[in-house]
Amino acid sequence: MMGTRSLPAERFKIEAAILDGLGLKAHANFKKGPPFQELEAHVYKAFVLKWRKGHKVSNKWIRIEALWQFKSLQDDSKFPPDLQFKASYGWGRCFMNRHGIKFRMRKSSKNKSANEHIPTQQT
């Protein structure tokens, strides 16, 4: 059972009180979330659509898609024109971690299933 002190609003109040006691102010953008949250939603949607069609998707594709989506959102004035987004390799890896995306290799290319390898009993 979760205590009342573990709720995000309570944690924010506690952190603000601690920082106030130290003579510091709480970060103004603490509750806003990541700056490119809308961009990531568009990239993830494009990823899911491509993945469901059976196409291969790589970290490089995710980064290129993110840059393309960023430019289109910037043209729609969702982001200011002077804002920069680089879509680095590290951003791509963190994006995949945030959304639970894992690229796994097939480890076996066997033609028969495990049940077909089990010998049948002869009576």
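Residues numbered from 1 in each chain as written. Predicted model: local features only at pLDDT ≥ 70, side-chain atom pairs only at ≥ 80, totals over all residues. Heavy atoms only, no water.

Caption draft 1: Main features of the side chain of Asn59. By the secondary structure assignment, Asn59 is in helix 3 (residues 59–75). Those residues within four positions of Asn59 in sequence are excluded, and the remaining contacts are Tyr89, Gly92, Arg93, Met96 and Phe103. (Helix = DSSP H or I, 4+ residues; strand = E, 2+ residues; numbered from the N terminus. Contact = heavy atoms within 4.5 Å.)

Caption draft 2: Layout of the packing of helix 2 (residues 37–52) against helix 4 (residues 89–98). Where helix 2 contacts helix 4, the two axes come as close as 12 Å, and the packing angle between them is 75°. Of the possible angle classes, the one that applies to helix 2 and helix 4 is roughly perpendicular. Across the interface between the two elements, Glu40, Val43 and Tyr44 of helix 2 pack against Trp91, Phe95 and Arg98 of helix 4. Among the residues making up the contact of helix 2 with helix 4, the classes are represented as four nonpolar, no polar and two charged. (Axes fitted to C-alpha atoms, helices over the stretch in contact; angles between N-to-C directions. Parallel < 35°, antiparallel > 145°, perpendicular 65-115°, else oblique. Nonpolar A, V, L, I, M, F, W, Y, C, P; charged D, E, K, R; others polar.)

Caption draft 3: Structural context of helix 3. The end-to-end C-alpha distance of helix 3, which contains 17 residues, comes to 24 Å, matching closely the 24 Å that a straight helix rising 1.5 Å per residue would cover. Within helix 3, the full set of buried residues consists of Asn59, Ile62, Glu65, Ala66, Gln69, Phe70, Leu73 and Gln74. With its buried residues spanning 165° around the axis, helix 3 presents them on a single face. Exposed side chains of helix 3 directed beyond 90 degrees from the buried face belong to Lys60, Ile64, Trp68, Lys71 and Asp75. As for helix 3, its buried residues are in contact with helix 2 and helix 4. Downstream of helix 3 by one or two residues, Ser77 has phi in the positive range, about 60°. (Expected span 1.5 Å × (residues − 1). Buried < 20%, exposed > 50% of the residue type's maximum accessible area, 1.4 Å probe, protein only. Arc of directions from axis to C-beta.)

Caption draft 4: Main features of the side chain of Glu40. Tracing the chain through its elements places Glu40 in helix 2. The contacts of Glu40, once residues within four sequence positions are left out, are Trp91, Phe95, Arg98 and His99.

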